[in-house]
Amino acid sequence: MLAFTVKRLGVALLVALTVSLITFSMIYVSGDPAIAIAGEGARASDIEAIRKFYGFDRPIIVQYVDWLAGALRGDFGRSFTLRQPVADIIFARLPVTILLGAAAIGFALVLAIPLGVLAAVRPNSMLDRFALTVAVVGQAMPTFWFALTLILWLGVTWRLLPITGSDTWQHFVMPAIALGYFVTPAVMRLTRAGVLEVLASDYIRTARAKGLRPPTVLFKHALRNAIIPVVSLAAVQFGFMLGGSIVIETIFQINGLGYLAWESIQRKDLPTMQAIVLVLAVIYVLLTLLADLLNAFLDPRLRAA
Amino acid sequence: MSERILTVDNLRVDLPVPAGTLHAVQGVSFHVDRGETVCIVGESGCGKTLTALAVMDLLPARARRTAQRLELAGRDMLSIGERAMADIRGARAAMIFQEPMTSLNPAYTIGNQLEEALLRHSRVSRRQARARAVYLLERVGITAAASRFKQYPHQLSGGLRQRVMIAMALMCGPSLILADEPTTALDVTIQAQILHLLAELQREFATGLVLITHDLGVVARIATRVVVMYAGEVVETGTAAAIFSRPAHPYTRGLIACIPVPGRTRRGAALGTIPGMVPSLVGKSIGCHFASRCDYAIDACRSADVTLEAARDAGHLVRCIRHAELPALAPTRVAEAAP
Amino acid sequence: MTQAALPRAGIPTAADILAPSPGVLLRRRILRHWGLLIGGTILAVIVLMALLAPLIAPHDPYDQDLARKLIPPIWHGGAKVTWAHPLGTDQLGRDYLSRLVYGARISLLIGVSAMLISGVIGTVLGVIAGYFGGRVDMLVSFIVTTRLSMPVVLVALAVVSIVGSSLTVVIWVLGLLIWDRFAVVMRSATQQIRAREFITAAQALGCSTPRILLTEVAPNVLNHLIVVATLEMAHAILLEAALSFLGLGVQPPTPSWGLMVSEAKGLMFFDPWLITIPGIALFALVLAINMLGDGLRDVTAPENRG
């Protein structure tokens, strides 16, 4: 178990390093970053000053190692436009996005797992068909359009919820639904397939042969095993949501990491963009690691490995 | 007369399949008394497993079960509801399955899975349940029972898991145990140990035991009575002594001819085989099911259904119109010699 | 021995002898699958619409006429409604139906192109990893993990903002980003095929690796490939719409459904149909592609349903 964790941490580190290399090279995709910062038509002396200030005049390798060394210490440099350390801005915004992501994944799980279980317990029933329809429809709705439609109905027509901002918990309801529904189909399908498979297994027959009541058979014996792959999926999807929150945060003007990313992309604030991509990549890798550990916790067979 | 534990009368199991209805069990009747070991023998697909599952009401959801009578310890199991049946399962009748590797839930400890049947069916404390579980683990021959109790199924070998399954079946002191080929999936050396254990525990706890197997060597050693099934039907039933000394049905005779006997079967000599294939059980069929493979079949065998008739010994029934003349007959068809 | 070859012992029925060929069975399964039929029909309609756009569109999608701006669609009623603009006009007086019809071209073009690019990358990586295994597999898995750790929308937006947005850039950025599922599915499909006897047989016969990959592996992973292809095409279409919605995808005045929603966003409280119409178009297209993909999976591999 320890060896497994250490090995996975090693892979996580390597992934983070690769991502850092890719994001760092993003600066040079555009050509000369000094010109990009100074803006079109800036004076040559200004550009030269900027180049000196940010150290663009040094060899690229030196710049990368320097940047990486800073990143490892939690120093992502200074924002081109906000005149603040990037790390400070990111860690001020990150909690909002994590809160939004958690609410979204919570919504998805609360909707998808019961639907998936019910569909599996009564395969081909009306309920199963309904669940399948929810899945098919959910997968096809463009997130931004669904968000706007929610605003139109829940926010404007019925005036149930505030439209923009991130001040109260009500502000998070619509964004969480808009962000979370996209994951619902995948979770539901996986739950349904898992429960169906487990219900057909020999140990479920053993449990029934003991005279256990149907709820005990379902919740104690079936769900515990069927839910294991769902846990991994949820962790991975949570990572995707943090990355995908940019659309939702922009629409609902939630002051999180996604909105920050949007702002920095518009201002061509490269250090901030790089740092956000790197932070999200590290979070994703840590989440997959967490999913593996959770799996080992839920499945005793994996613990020995 | 001794106490009757299980009565099965005219049990039928039908399964819908794409080609129509599969009549998997066609009017099977047998009974089990306290302290008896009844062996159901027959080849794969003859309906013996479905018969056991039907008794426990554990058939697949799409299967349909009908019977004239199905009584466990005097209680009618046809009319009781799902809840009442669940009260009986595990408490009065327990089942041991063929696949010990997959029959235990990988997510819970052995102890947890042993305790839960007792906790479900009787008002005992967790401590009492644990004490009984550890006692039974020791009783089925598991050393260091207290530490095995805390282990997960994947940490145990197949033989140990089947011992756990046996202990689990005994947890509530059932009057009937159904064991469905409990040793098929195990190593040969372990098979004998497990069967020996089952027979011993059956005597000690005075339960009725229904042992489903295709191993006639085992049957000869531990059966009180034998039920021979072929293609969904009982073809012959009687005391073990009668079946083995005077088998009346050509199928039973064929099965017995397949058993190698130490000292009598010459080394390198071909064992008996039964040629042909089991007929399809989909749709209606007329005549003796075994006719197509039988060395003694005549036209009469194929034209009308055959009923169970009394043979010479008491309680010995056979489904063959020629059983009386059989010992003196020459085969109507010369069996293909096995290579 | 001859008996074993028959489906069951006894006298074979007419149906057994005249068993339908696999092709007939497949056609029968397709015709019985409602999702497949509905999805296929909707997709066919949208593809036809895109191909015949100049014939179907009543107006030039770029023609502005501020005097005729914001005419509601015909079901709305009111004085301004006219059959000349069945779906109304946008804030610049452009005919909404015409923009919708031409927008289908953009969605399909980007969906197919990005799917092809990502399909080539992902399939090559996945098949190589699945076939060779070992270190190659580890390396590919690492590349896939790295790719998955980088958020798609964010990276796409960042790259487009740096390189500058155009149709070609959007196609390449999406194509280079969404190959992960191709790689994962092709890897496991190839692993399964790799373990089968006919691969060993081909190796024993001395077939070269590229030949085995092309003639033995490829045909057997094709059904998985088609299913993933539909999913990724839908994925690419949704991503393009999101990028265009955020202003970093297709640039105005090109009619893209995502862009149409974006341009109408400010007016959505007053004229909600402006976002409803392109939204429903996007939804219908993605739904149709997904239904087709699900249906193809059911029809080609019924055991994988769920």
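Structure's up top.
Residues numbered from 1 in each chain as written. Chains lettered and ligands numbered in written order. Predicted model: local features only at pLDDT ≥ 70, side-chain atom pairs only at ≥ 80, totals over all residues. Heavy atoms only, no water.

**Q** Residues and numbers for the pairing of strand β9 (residues 208-213) of chain B, please.
**A** All names here are of chain B. Of all six residues that make up β9, six are buried, and the element is covered over most of its length. A two-sided burial pattern is seen for β9, the buried positions comprising G208, V210 and I212 on one face and L209, L211 and T213 on the other. Relative to β9, strand β8 (residues 176-180) runs parallel, the two being bridged by five bridges. Paired with A179 across the bridge in β9 is L211. Once the chain exits β8 it traverses helix α7 (residues 188-205) before rejoining the sheet at β9, and the crossover so formed is right-handed. (Buried < 20%, exposed > 50% of the residue type's maximum accessible area, 1.4 Å probe, protein only. Helix = DSSP H or I, 4+ residues; strand = E, 2+ residues; numbered from the N terminus. Pairing = 2+ DSSP bridges. Right-handed = clockwise from strand over helix to strand, strands pointing away.)

**Q** Talk me through the interface of chain C and chain A; I want residue IDs and the actual numbers.
**A** Of the residues lining the interface, 40 residues belong to chain C; the matching set on chain A comes to 42 residues. Interface of chain C and chain A: buried area, both sides summed, is about 3,600 Å²; carbon and sulfur atoms make up 85% of it. Summed over the shared surface of chain C and chain A, the number is one salt bridge. In this structure, D294(C) and R189(A) form a salt bridge, with 3.0 Å as the shortest nitrogen-oxygen distance. Those elements that place two or more of their residues in the side of chain C that touches chain A are α7 (134-149), α8 (152-163), α12 (209-245), α13 (257-264) and α14 (273-300) of chain C. Taken together, the residues that form the side of chain C that touches chain A break down as 28 nonpolar, nine polar and three charged. (Contact = heavy atoms within 4.5 Å. Buried area = accessible area lost by both parts, 1.4 Å probe. Salt bridge = Lys/Arg side-chain N within 4 Å of Asp/Glu carboxyl O. Nonpolar A, V, L, I, M, F, W, Y, C, P; charged D, E, K, R; others polar.)

**Q** Describe the pattern of salt bridges, listing the residues and the values that go with them.
**A** Residue and element names in this part refer to chain B. Inspection of the entire model under this criterion finds 29 salt bridges over all chains. A salt bridge links E181 to K48; its shortest N-O distance comes to 3.3 Å. Taken together, the positions of E181 in the loop between β8 and α7 and K48 in helix α1 (residues 48-56) put the pair 133 residues apart, joining distant regions of the chain. An identical accessibility class is assigned to E181 and K48; each is buried.

**Q** Tell me what's going on with the environment of L97(C), and back it up with residues and numbers.
**A** Residues and elements named next belong to chain C. Tracing the backbone through its elements, the reader meets L97 in helix α6 (residues 96-132). Taking C-alpha positions, L97 is 18 Å from M268, a pair spaced 171 residues apart along the chain. Each residue touching L97, except ones within four places of it in the same chain, is listed here: P58, P86, L87 and G88.

**Q** Residues and numbers for the packing of aromatic side chains, please.
**A** Aromatic ring pairs are defined here through the distance separating the ring centres and the angle between the ring planes. Enumeration over the complete set of coordinates arrives at 13 aromatic pairs over all chains. Considering the side-chain rings of F144(A) and F245(C), the 4.5 Å spacing of their centres and the 20° angle between planes classify their relative orientation as stacked. Here F144(A), found in helix α7 (residues 143-157), pairs with F245(C), found in helix α12, and the two come from separate chains. There is no split in this pair, since F144(A) and F245(C) are both buried. Here Y251(B) and F290(B) contribute two aromatic rings whose centre-to-centre distance is 5.2 Å and whose plane-to-plane angle is 65°, an arrangement assigned as edge-to-face. Residue Y251(B) is found in helix α10 (residues 250-257), and its partner F290(B) is found in the loop between α10 and α11 (299-303); the two are separated by 39 residues along the sequence. Grouped by ring-pair contacts, the aromatic residues F24(A), Y64(A) and W67(A) constitute a single cluster. The ring of Y108(B) carries the charged tip of K220(A) above its face, separated from the ring centre by 5.0 Å. When the ring centre of Y131(C) is taken as origin, the NZ or CZ atom of R194(C), which lies over that ring, is 4.5 Å away. (Phe/Tyr/Trp six-rings, centres within 6.5 Å; stacked < 30°, edge-to-face > 60°. Lys NZ or Arg CZ within 6 Å of the ring centre and 35° of its normal.)

The values are spatial; any link to function lies outside them.
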